[in-house]
Each structure stands twice: as structure tokens, then as C-alpha cells.
Amino acid sequence: MRTHVADHPLIAHKLTALRDERTDSPTFRRLADELVTLLAYEATRDVRTEPNQIRTPVAATTGVRLASPKPLVVPILRAGLGMLDGMVRLLPTAEVGFLGMIRDEATLLASTYATRLPDDLSGRQCYVLDPMLATGGTLVAAINYLLERGADDITAICLLAAPEGLAAMQAAFGSSDVPVTVVTAGLDERLNELGYIVPGLGDAGDRLYGVV
Ligand code: URA
């Protein structure tokens, strides 16, 4: 498994504003959206392309276009939805599948409550959107789900990660034949006793959409 912590002053600046408890929901949504587009640039470094012959006004030349099958973007509901627009802005021809996962606040275990994905993901590069890699339970379960359907290259994009979450990902996918990558804007200190990332940004879903 590969981990990439984005190191860019613009990302650090936006992440700091996102963390700030005074940031209201509309601003939080805009910042999350902008951060994802910046992270997506890093995360799609190995997106598959194929040759594309075109003519410029001056000459014929061979460029590239995204290869088929198109990449699949998978936001994990509900907080991953806040990352979708920022991702498809960079990959407008990608297909989008949905995975609803919920974490039991007592056991911290993740389970699936909704799926809308192609049955066969053979040959697909998948980009999983989950803002907070905390215990790793949700992301590990989501990635296992995609692997069972045949995905052959998976990149998770997370706004923040905790060392505990990365360790869980490493334990699950460290020796996986399928490449698994985590791209994040920040690696924080630890989890607290409630499973929140410290210093973190609080509950990403609540900050995006309010407490429901
Ligand atoms: N989920 C969140 O929204 N925030 C955390 O800090 C951990 C998990």
C-alpha cells in the first residue's frame, strides 16, 4: 500500500481554514470541494490513458485521452458526497458509484446500508472518497467490497488521516496484489477515545450537512 501526504502550501492553507471551528457549513463545503480538486490532481497521477490522434490547426499529432473502461469514482455516503463535485470537476467523464457505510459509534465497526455500483469492476481504476480516515474500518470495508467486484487499482482520497487508520489500511492491503493508495491532505496525531481524529476537524458529515 502506498500513502501520499500532499505537501503544498495552498492545501495546508485551505486545510487550516477547514479545521477551524468558526468555519460555517457553506464555507466548509466550498473549502472541501477545492481541497478535493487539488488532491485529485495528485491522486490521478497514474490514471490510465490511451493514444489519441488529433490534428491541431498546424499539424497532426498524437496526444492521449482517458482509457476505457472509464475510472469509477465512489463517494462513501454521507460525508464522501461533499467530495464528489471537486473530484468529477477534474475527471468529468468518470462514472460514479455510491456506497453507503455507517459506523456503529459504540463498536466503531462499519457496515454497508446502500450500494449503487456496477456488478463487474474488472479492469476498473476506482477512486474512493472518504473525508476522514480514522480507525480505517469504513475504508477497509469499502475497499474490500470493490476488490470483491474485481476492481484492479484503488485510490482512496481522504481530507485527513490518523496513524491508526493508515495502520489498519496497511494491515489489510499491505500485501494486496491490487495496488491500493491513500492520498490525504494531512496526517494527524492520533484518535481520541471517541474515535475522532486529533486535532482533526470534528465530524465531517455534520460540518458539511449539519447534525441530523
Ligand atoms: N469521522 C469524522 O467525521 N471525524 C473524525 O474525526 C473521525 C471520523
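Presented here is an overview of the structure given in this document.

Reading the values: rules and limits
Residues numbered from 1 in each chain as written. Predicted model: local features only at pLDDT ≥ 70, side-chain atom pairs only at ≥ 80, totals over all residues. Heavy atoms only, no water. Buried < 20%, exposed > 50% of the residue type's maximum accessible area, 1.4 Å probe, protein only. Helix = DSSP H or I, 4+ residues; strand = E, 2+ residues; numbered from the N terminus. Pairing = 2+ DSSP bridges. Right-handed = clockwise from strand over helix to strand, strands pointing away. Salt bridge = Lys/Arg side-chain N within 4 Å of Asp/Glu carboxyl O.

1. Points about the pairing of strand E4 (residues 72-77)
On a regular strand, one side chain projects to one face of the sheet and the next to the other, so that they alternate.
Link 1 in the chain: Across the six residues of E4, five count as buried, placing the element largely inside the fold.
Link 2 in the chain: Pairing between E4 and strand E5 (residues 95-96): two bridges, direction parallel. Residue pairing in the sheet places valine 73 in a bridge with valine 96 of E5.
Link 3 in the chain: This β-α-β element, E4 to helix H3 (residues 84-90) to E5, shows right-handed connectivity.
Link 4 in the chain: Alignment of E4 against strand E8 (residues 125-129), held across four bridges, turns out to be parallel. Across the sheet, valine 74 pairs through a bridge with valine 128, a residue of E8.
Link 5 in the chain: Two elements, E4 and strand E6 (residues 98-103), share two bridges in a ladder whose sense is parallel. Counted as the bridge partner of leucine 77 is glycine 100 from E6.

2. A closer look at the pattern of salt bridges
Link 1 in the chain: Per the stated rule, a full pass over the model turns up 11 salt bridges.
Link 2 in the chain: As a salt-bridge pair, arginine 30 and glutamate 34 come within 3.2 Å of each other at their nearest N and O atoms. You can see arginine 30 and its partner glutamate 34 sitting in helix H2 (residues 25-43), four residues apart, about one turn around the helix.
Link 3 in the chain: With a shortest N-O distance of 2.9 Å, glutamate 50 and arginine 65 are connected by a salt bridge. Here arginine 65 lies in strand E3 (residues 60-66) and glutamate 50 lies in strand E2 (residues 49-55), a separation of 15 residues in the sequence.
Link 4 in the chain: For glutamate 50, a relative accessible area of 26% gives the class partly exposed.
Link 5 in the chain: Overall, the relative accessible area of 42% leaves arginine 65 in the partly exposed class.
Link 6 in the chain: Counted as one network, the salt bridges with shared partners bring together Lys14, Arg30 and Glu34.

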